Amino acid sequence: MKTRSPRRLLAAILAAALLPTLGAAVRAVADEPEPDEPVVARAAGKAGSKAASAATRQKVLAAMPGDATALINVTGRELPASPDILALGRRGTPALLRCLADNADEGVRRGCAAFLGYIGDRSALPALRAALEDWEPSVRRSVVLALERIPDAGSVDALAKLFARKDEDAAVRADVLRALGAIGHKSAVAILRKQLARKPEAGEEDLRPEAFKALWRSRHVMSRDTLIGDVADALDNRNDALVLAATFAAAELRAPRLTDKLVPLMDHGNAEIRNKAVYALGLIGDKTAEKALLVKLPTVRDGRMLNNIAFALERLDRDGFYASIRQVAAHKQAIIRLNAAFVLGDVRRPEGLPLLETALVDPSDLVKTNAAVALGKIGDPRALPSLETLVTTQNPSLREEAIHAIFAIEGKKRADLLHDELLAERKPGVPPLKDAVRRRAALALGRIGDTRAREYLLTCLEVGRCRPAQIDTYVHADKDASVGGRLLLDWTRGQESLTALVADLRPAGALPVATSAAESAVSRGLIDSAESALDLVGELGDGPARERLDRLRAAPAMKDVWLEIHAQTALARLGEVPAEAQLLGRLDTLAAVWLPRLAGVVGRIKEKEVRDRLAVELIKREKGDDTGIALAAAAIRLDWDPEGAIGRLLEALASPQVKDRDLAERYLVRARDPKVTWLLRRALAREDRADVKDRLRSLLDRRRDEK
Amino acid sequence: MPRRTGVHALVVNPRRLLLAAPLVFSLGCAPSAHAPEVPAPASEPRAVVRLRVDLDRAQDCEEAFDLALYRNRAVELVAWEPGPGHCTERTLTVRYLAGRASREDVLRAAAAAGAKVTPLPELPETGDRR
């Protein structure tokens, strides 16, 4: 029996609660699951019937590719698990279509509609449109979501007809609006604009926020003027959800025309709206907002608002900002002075130095502490003399922040101070340092490769208080053999998140251990462990390892589609050319929803000759009609050759199809190579289409936030 | 700690952009185009210049520098080396199309976009020049 770790199981159960559209019972999937993958848990049956149900499900699954009627008479319990159905990909489409039309069980029809959406086969569109007339609202809803996943202008009329029905559920109508937004066609936009302009009648659900959000997804097919006009109207509204959505839009559009509508929102009763409005004003940078912001600054009563106003003003009128923040920094209440110090640090400009140096002698230790943090953020050496005076202060938090600020400014030169004062064991009789203090110091020293942090960091990782990403720089900098050895030991104890680090450090003995771990995990059906062990063998392997992996192909666990993909990837990396064809075959047939995950696994291939061979085939697919496959192919190459592959993704980012834009954005956000950021900046600098420019800017923001 | 809705520091010093603009145009490069950018052929000669820069302190100092440099279409890639500082003492390599801009052009554009620019000796050839 295949088993998964408890954490993944918990995630699967949580996801089950969040995916009502998949009433069909299914088991979890793992390996860096993509955010919208269907992950649902199989309903528990009585022990006696379990084996029989499993056998029936296997039988149904086996029949699906060749028999379009295979799902007509199955019950929810007999429906195969979702990973198995998705692994069939398009081969399962005919059976799912007949299921949607002819199965009498509402739950099964709902599941079949959802599967069709996840698989993304466009040949399902006519049947899905017809199924909008299903008697059950839950099925119609699932069908609408599937149509959203396979956006096509040909679905607009059928969706509009459903939306127009007075007796339709509000939830279904809201989903219809979302689907129309995903289609990104002028005819859909017309419907959405009409809905946005229409005030709800008494007792009727107000769907204007949904209409606005859907319209926003289709903004590239609207003229800029019309779009800005619609956002302005939405800002001037009593529906908070609509106003909030419009403030987000205003922040991205950065249109000066919206300034007048945003300024009054600074006093809105909803804090989220107030803050977003100020944020948008800062980004728009229109001088007419300056006066209102300056008036607001000294009277603001929450830190977040203060911070947003500060950033807006810092862009609009730096001198005015520093004059105004001076008043706030001298406020009679310490909490407000504290916030002023925080803001001055976040602005990161040297103009804040005099105010912060004054704050360092504030009567309140908390204000002083925040001022020290801020000076560290600004990083100006002129602050050092003031900070040095705090190294011996009695207040431990203030002392800690002052030392970190000095280290932030001086770097390696002051590593001894950081080590001696905040990491080294105390002498007997001296109160010990708190572990949180030592941990922070060790991580800071680790970032500069200071080997005095080694023992602390490795132990911290072993006991789960430090994450691999936090010590990544350190373990790459420390050349001592013990580091790799310790990481390998932790990996064998089940810390699968260390796979990449072990692969990079290649400690002695890693390959035989990884190969044996793969054999053991595959034979026991431990899918997660097997996947990471296979990844490691693929990284480190040689000829004999390849032979051992080859023998695993017959193991029952290899029926798991992801285990098979990991195994094929490892084999391809070890030089088995036929495995490359297997991977390409998976790329061509896998359910659309799984393609981003496949791209993630195949993108890890590092061997040049394997990349070169695969790249020839991937480039062909990048030019194909199926954009899901084309973009997955480009995403794989983005990991190997960002400059060569980014063009296809940038093209998709400007596509008329919302789905293509979203998919390209997803691949571009997740790519780890910093070169992708540099290339996106290049694209932004040379782009003149406003909507594409907005997307690129937002993408760069998201990449920075995720970093 | 106070929370902030998002990051929105000054993107670029407008005065520097004004200074950079004539340089951009002097290189014969339009700041924008309608057609998607076509990569320069691999056969076109490239050159690199390695720099140490101190940028105006701001949250997005690196991005602002890049955006200013990329306005020149002869600049193909600005590659940053990891470093302890955020805006100061940063090292980067600019790869550019040697037939469309000179080393001096690139240095001038970098100087206009960054506060302090010092050319560094080039690193040995890595083969990654496309």
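Residues numbered from 1 in each chain as written. Chains lettered and ligands numbered in written order. Predicted model: local features only at pLDDT ≥ 70, side-chain atom pairs only at ≥ 80, totals over all residues. Heavy atoms only, no water.

(A) Representation of the overall build of chain A within the structure. In terms of regular secondary structure, chain A is built from 41 helices and zero strands. With the C-alpha coordinates aligned to their principal axes, the bounding extent of chain A is approximately 80 × 70 × 50 Å. Per-residue burial over chain A gives 56% buried out of 707 residues. Approximately 30,100 Å² of chain A is accessible, and the part contributed by carbon and sulfur atoms is 54%. Charge-centre separation for chain A: the mean point of 112 positive side chains lies 1 Å from the mean point of 101 negative side chains. (Helix = DSSP H or I, 4+ residues; strand = E, 2+ residues; numbered from the N terminus. Buried < 20%, exposed > 50% of the residue type's maximum accessible area, 1.4 Å probe, protein only. Areas by Shrake-Rupley, 256 points an atom, 1.4 Å probe, with all protein chains shown as cover. Lys, Arg positive; Asp, Glu negative; His and termini not counted. Charge placed at Lys NZ, Arg CZ, Asp CG, Glu CD.)

(B) Highlighting the packing of helix α8 (residues 156-164) of chain A against helix α10 (residues 186-197) of chain A. All names here are of chain A. Contact geometry of α8 with α10 gives a least axis separation of 10 Å together with a crossing angle of 20°. Judged on the interaxial angle alone, α10 and α8 are roughly parallel. In the packing of α8 onto α10, the handedness of the crossing is left-handed. On the side of α8, the interface is formed by Val156, Ala160 and Phe163, while α10 contributes Ser187, Ala188, Ile191 and Gln195. (Axes fitted to C-alpha atoms, helices over the stretch in contact; angles between N-to-C directions. Parallel < 35°, antiparallel > 145°, perpendicular 65-115°, else oblique. Left-handed = near helix turned anticlockwise from the far one by under 90°. Contact = heavy atoms within 4.5 Å.)

(C) Spotlight on unusual backbone geometry. All names here are of chain A. The phi dihedral of Arg254 falls on the positive side, at around 55°, and the residue is not glycine. Of note, Arg254 is situated in the loop between α13 (240-253) and α14 (259-262). At Arg348, a position not held by glycine, the phi torsion is positive, near 60°. Here Arg348 shows up in the loop between α19 (334-347) and α20 (353-359). You can call Arg348 partly exposed: its relative accessible area is 24%.

(D) Local environment of the domain arrangement of chain A. Residue and element names in this part refer to chain A. As far as domains go, chain A holds domain 1 (480-575) and domain 2 (595-707). Residue-level contacts link ten residues of domain 1 with nine residues of domain 2. Both sides together, the interface formed by domain 1 and domain 2 hides about 920 Å², and carbon and sulfur atoms give 56% of it. On the domain 1 side of the interface with domain 2, the three residues burying the most area are Trp562, Thr569 and Arg573, jointly 57% of the side's total. Counting across the interface, domain 1 meets domain 2 through three salt bridges. Notably, a salt bridge pairs Glu539 with Lys606, separated by 2.9 Å at the nearest N-O pair. Summed over the shared surface of domain 1 and domain 2, the number is three residue pairs in polar contact (both at pLDDT 80 or more). (Domains from an automatic or database assignment. Buried area = accessible area lost by both parts, 1.4 Å probe. Salt bridge = Lys/Arg side-chain N within 4 Å of Asp/Glu carboxyl O. Polar contact = N/O pair within 3.5 Å; in protein donor to acceptor, adjacent residues only side chain to side chain.)

(E) Inspection of the sheet that holds strand β1 (residues 46-54) of chain B at higher detail. Residue and element names in this part refer to chain B. Spatial strand order, β2-β3-β1-β4: four strands in an open sheet with antiparallel pairing. What marks the edges here is a single partner per strand, and that holds for β2 (75-80) and β4 (116-120). Sheet twist, expressed as the average angle between the axes of neighbouring strands with direction ignored, equals 30°. As paired elements, β1 and strand β3 (residues 90-97) share eight bridges and run antiparallel to each other. When the sheet's bridge partners are listed, Leu51 is paired in β3 with Leu92. (Pairing = 2+ DSSP bridges.)

(F) Seen up close, the confidence of the model for chain B. All names here are of chain B. Across chain B, the average pLDDT comes to 74, with 65% of residues at 70 or higher. Below a pLDDT of 50 lies the segment residues 1-34, which in the model reaches 84 contacts outside its immediate sequence neighbourhood of four places, other chains included. Within the model, pLDDT remains below 50 along residues 126-130, and this stretch shows 13 contacts once partners closer than five positions in the same chain are excluded. (pLDDT = per-residue confidence, 0-100.)

(G) Structural view of the packing of helix α40 (residues 674-686) of chain A against helix α2 (residues 61-70) of chain B. Across the interface, α40 of chain A lies against α2 of chain B with an axial gap of 8 Å and an inter-helix angle of 55°. Judged by the angle between their axes, α40 of chain A and α2 of chain B are oblique. The hand of the α40 of chain A/α2 of chain B crossing is right-handed. Contacts between α40 of chain A and α2 of chain B involve Trp678, Arg681, Arg682, Leu684, Ala685 and Arg686 of chain A on the former and, on the latter, Glu62, Glu63, Asp66, Leu67 and Tyr70 of chain B. Residues that form the contact of α40 of chain A with α2 of chain B fall into these classes: five nonpolar, no polar and six charged. (Nonpolar A, V, L, I, M, F, W, Y, C, P; charged D, E, K, R; others polar.)

(H) A look at the pairing of β1 of chain B. Residue and element names in this part refer to chain B. When you tally the buried positions in β1, you get seven out of nine residues, the bulk of the element. Relative to β4, β1 is paired through five bridges, and the arrangement is antiparallel. Across the sheet, Asp54 pairs through a bridge with Lys116, a residue of β4.

(I) A look at the pattern of salt bridges. All names here are of chain A. All chains considered together, the criterion is met by 81 salt bridges over all chains. The salt bridge involving Glu314 is made with Arg349; its shortest N-O contact spans 3.7 Å. Placement of Glu314 in helix α17 (residues 303-316) and of Arg349 in the loop between α19 and α20 is noted, with a sequence separation of 35 residues between them. Between Asp612 and Lys608 there is a salt bridge, with the nearest N and O atoms lying 2.6 Å from each other.

(J) Up close: the nonpolar core. Membership of the largest hydrophobic core comes to 262 residues, with the highest contact counts inside it found for Leu71, Val231, Leu258, Leu262, Ile325 and Leu387 of chain A together with Phe65 of chain B. Ranked by residues supplied to this core, first place goes to helix α37 (residues 627-640) of chain A with nine residues. Apart from residues no more than four positions distant in its own chain, Leu387 of chain A is found in contact with Leu360, Ala372, Leu375, Ala402, Ala405, Ile406 and Ile409 of chain A. (Core = buried A, V, L, I, M, F, W, Y, C linked by side-chain atoms within 4.5 Å.)

(K) Representation of the state of the cysteines in the model. With the rule as written, the count across this model stands at three disulfides over all chains. Between the sulfur atoms of Cys99 of chain A and its disulfide partner Cys112 of chain A the distance amounts to 2.0 Å. Between Cys99 of chain A and Cys112 of chain A, the disulfide has an S-S torsion of 90° and is therefore right-handed. Placement of the pair is Cys99 of chain A in helix α4 (residues 93-102) and Cys112 of chain A in helix α5 (residues 106-119), with a sequence separation of 13 residues. For the pair formed by Cys99 of chain A and Cys112 of chain A, the shared burial category is buried. Paired by a disulfide, Cys61 of chain B and Cys87 of chain B hold their sulfur atoms 2.1 Å apart. Between Cys61 of chain B and Cys87 of chain B the sulfur-sulfur dihedral comes to about -90°; the bridge is accordingly left-handed. Taken together, the residues span a long stretch of sequence, with Cys61 of chain B in helix α2 and Cys87 of chain B in the loop between β2 and β3 at a distance of 26 residues. The pair formed by Cys61 of chain B and Cys87 of chain B is uniform in burial state, with each residue classed as buried. (Disulfide = S-S within 2.5 Å.)

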